[in-house]
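Structural features, examined
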2 protein chains.
Amino acid sequence: MKTKLKAVVLLSGGLDSATVLAYAAKKGFECYTISFDYGQRHRIELKAANRVSRHFHAAHHFTVKIDLRKWGGSALTSSIKVPKGGLRPGIPTTYVPARNTIFLSFAVAWAETIGAKDIFIGVNSLDYSGYPDCRPQFIKAFAKCATLGTKASDEGWKFKIHAPLQHLTKADIIRLGTKLGVDYSITHSCYDPDSKGRACGKCDSCRLRRKGFEEVGIKDPTVYVD
Amino acid sequence: MKTKLKAVVLLSGGLDSATVLAYAAKKGFECYTISFDYGQRHRIELKAANRVSRHFHAAHHFTVKIDLRKWGGSALTSSIKVPKGGLRPGIPTTYVPARNTIFLSFAVAWAETIGAKDIFIGVNSLDYSGYPDCRPQFIKAFAKCATLGTKASDEGWKFKIHAPLQHLTKADIIRLGTKLGVDYSITHSCYDPDSKGRACGKCDSCRLRRKGFEEVGIKDPTVYVD
């Protein structure tokens, strides 16, 4: 039996990363999933990440605790209100400074330790919130950085950061995930859920999700407050 | 009165980063110092980082707690023994996977939040342990990554990662620090101190430090067990 290659998969518990995990598993990787308890107001997504990880039989799931509320600077990690008026041009207040750089750094550390050369992340630069750390040029620069800052450079191999959703619309992502067996009812997207964990329906993340399901013509299993 | 530019300075509590803080302060930056409680066996260095930060009147000092023992992979974060036989070619077991990538990511997040464009790090690639994340090509790649993954890219400015010790010998660093008023008695370098916090004298970090002081002809204020 051929030994599977290992991959570290960043898993937020949302629609995109669940699809990425399904994709990586389908590609034949043994998946090591990693989530971050970073002080986000929608901490409930971590439960979704756990469910999704189990659903796809990840080899191991880690939730890394880091406190980005220390300096705040984002509507997701401070008392700044989550905008509900719809997507606008520019970088929104829900942007968390350097979040993906931090998340990917931990992924690289874990990958290097377990001997994985592949990292999967669900960034997307089409139906997205305009976050700079979701763009292809950042992902490319980070891959180079990961290779140069680890044993990879001494051993003559390169880290590969896979971003299979980079150029897909939200509708395309949902179509792909549905084909790969993602159960979107166990995912969570909302930035500002109520005390019962129900999605607000109005934040950028809810809007992008709803629009995607509408376009595909599949019923969104999410319970929305509004 | 001219407003000082802000800079984030990575501070381990060791000889190098103390010198870098002195350097950044001398250059006129308002310094924000950051240390990491990452599960290192020489956690005592964090007390030194606090002392050094106060000594140079840093505007703010953060100790970020992250647990790199989760996956280990290093003599500093697991039960692997710290080597005491002297420096050898290759990457030693004290290398912590992707440590500087992680540390710099947090520094960038804090810098972006407070409006700092400058980050200082005490990496050195001359009298060093052969860690890949201390080399100039990594630092350069990381700077690019930091710019592309943050608001910097949208606002048209670049992060600068200063590594003023990059090409200095340990002796040169001690000379520079002494000129800048660093009190090396409040720093800590040893990877494997005893229960009283005394330096082992035999690990790579102790060896490099001792050699540096010997070359300069200044008495090393460290108390060594051996």
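Because the structure is a prediction, the values reported are computed rather than measured.

About the cut-offs
- Residues numbered from 1 in each chain as written.
- Chains lettered and ligands numbered in written order.
- Predicted model: local features only at pLDDT ≥ 70, side-chain atom pairs only at ≥ 80, totals over all residues.
- Least-squares fit on C-alpha atoms with pLDDT ≥ 70 in both.
- Contact = placed C-beta atoms within 7 Å.
- Pairing = 2+ DSSP bridges.
- Helix = DSSP H or I, 4+ residues; strand = E, 2+ residues; numbered from the N terminus.
- Right-handed = clockwise from strand over helix to strand, strands pointing away.
- Axes fitted to C-alpha atoms, helices over the stretch in contact; angles between N-to-C directions.
- Expected span 1.5 Å × (residues − 1).
- Buried ≥ 20, exposed ≤ 12 C-beta atoms within 10 Å, placed from the backbone.
- Nonpolar A, V, L, I, M, F, W, Y, C, P; charged D, E, K, R; others polar.
- Parallel < 35°, antiparallel > 145°, perpendicular 65-115°, else oblique.
- Left-handed = near helix turned anticlockwise from the far one by under 90°.

A word on the relation of the copies chain A and chain B. Mapping chain A onto chain B leaves a residual RMSD of 0.0 Å; the transformation is a rotation of 180° accompanied by 0.0 Å of translation along its axis. Classification of the inter-copy transformation places it as that of a two-fold axis. Residue by residue, 100% of the interface of chain A is reproduced at the interface of chain B, so both copies engage with the same surface.

A few words now on the pairing of strand β3 (residues 60–65) of chain B. All names here are of chain B. Relative to β3, strand β2 (residues 30–37) runs parallel, the two sharing six bridges. The residue bridging D37 from the neighbouring strand is K65, located in β3. Following the chain from β2 across helix α2 (residues 45–55) to the adjacent parallel β3, one finds a crossover that is right-handed.

What follows concerns the sheet that holds strand β1 (residues 6–10) of chain B. Residues and elements named next belong to chain B. Within the open sheet, the five strands sit side by side as β3-β2-β1-β4-β5. Their pairing is parallel. Sheet topology places β3 and β5 (160–162) at the edges, where each strand pairs with a single neighbour. Strand-to-strand twist across the sheet, computed as the mean angle between neighbouring axes with direction ignored, equals 25°. Across the sheet, helix α1 (residues 15–26) lies against β1, β2 and β4 (118–120), angled at about 170° from β1, the strand it touches most. Helix-sheet contacts for α2 involve β2 and β3, and the interaxial angle to β2 is about 175°.

Our next topic: helix α4 (residues 136–148) of chain A. With 13 residues, α4(A) extends 19 Å between its outermost C-alpha atoms, agreeing within 8% with the 18 Å of an ideal straight helix rising 1.5 Å per residue. Of the positions making up α4(A), those classed as buried are F138(A), I139(A), A141(A), F142(A), A143(A), C145(A), A146(A), T147(A) and L148(A). On its buried face, α4(A) is in contact with α3 (99–114), α5 (152–155) and β5 (160–162) of chain A together with α3 (99–114) and α4 (136–148) of chain B.

Here we come to the interface of chain A and chain B. With 36 residues of chain A at the contact, the number on the chain B side is 36 residues. Going through the elements one at a time, β3 (60–65), α3, α4 and α5 of chain A are the ones with two or more residues in the side of chain A that touches chain B. Broken down by element, the side of chain A that touches chain B gets its largest block of residues, 10 residues, from α3(A). Taken together, the residues of the side of chain A that touches chain B sort by class into 20 nonpolar, 10 polar and six charged.

As a packed pair, α4(A) and α4(B) sit with axes 8 Å apart at the nearest point and diverge in direction by 160°. Comparing their axes, α4(B) and α4(A) come out roughly antiparallel. For the element pair α4(A) and α4(B), the recorded crossing hand is left-handed. Mapping the contact onto sequence places Q137(A), F138(A), A141(A), F142(A), K144(A), C145(A) and L148(A) in α4(A) and Q137(B), F138(B), A141(B), F142(B), K144(B), C145(B) and L148(B) in α4(B). Counted by class, the contact of α4(A) with α4(B) contains 10 nonpolar, two polar and two charged residues.

Another point: the sheet that holds β5(A). Residues and elements named next belong to chain A. Taken together, the five strands give an open sheet; going across it, the order is β3-β2-β1-β4-β5, and neighbouring strands pair in parallel fashion. Of all strands in the sheet, those bounded by a partner on one side alone are β3 and β5. When strand polarity is set aside, the average angle formed by the axes of neighbouring strands in this sheet is 25°. Bridge count between strand β1 (residues 6–10) and strand β4 (residues 118–120): three bridges; the pairing is parallel. Across the sheet, the residue bridging to A7 is D118, located in β4. Relative to the sheet, helix α2 (residues 45–55) contacts β2 (30–37) and β3, its axis offset from that of β2 by approximately 175°.

Although it is not a glycine, A98(A) adopts a positive phi angle of roughly 55°. With respect to the secondary-structure elements, A98(A) resides in the loop between β3 and α3.

Take the environment of C206(B) next. Residue and element names in this part refer to chain B. Within the secondary structure layout, C206 lies in helix α7 (residues 204–216). According to the C-beta neighbour criterion, C206 is buried, with 24 such atoms within 10 Å. C-alpha of C206 to C-alpha of A109: the two residues are 97 residues apart in sequence and 32 Å apart in space. Look past the residues within four positions of C206 in its chain and what remains in contact with it is S189, C190, A199, C200, G201 and Y224.

All names here are of chain B. Of all eight residues making up β2, six are buried, and the element is well covered by its neighbours. The pairing of β1 with β2 spans five bridges and is classified as parallel. Each bridged residue has a counterpart across the sheet, and for K6 the counterpart in β2 is E30. As a crossover connection, the stretch from β1 through α1 into β2 is right-handed.

Moving on: α7(B). All names here are of chain B. With 13 residues, α7 ought to run about 18 Å at 1.5 Å a step, and its terminal C-alpha atoms sit 18 Å apart, in line with that. Of the positions making up α7, those classed as buried are D204, S205, C206, R207, L208, R209 and G212. Taken together, the buried residues of α7 touch α1 and α6 (170–179).

Attention shifts here to the packing of α6(B) against α7(B). Between two packed helices, both the angle of their axes relative to each other and the distance between the axes serve to describe the pair. All names here are of chain B. Between α6 and α7, the least distance of the axes is 8 Å, while the angle of their chain directions is 65°. Judged on the interaxial angle alone, α7 and α6 are roughly perpendicular. Relative to α7, the crossing made by α6 is right-handed. Residues K170, A171, I173, I174 and R175 of α6 pack against L208, R209, K211, G212, F213, E215 and V216 of α7. Split into classes, the residues belonging to the contact of α6 with α7 amount to six nonpolar, one polar and five charged.

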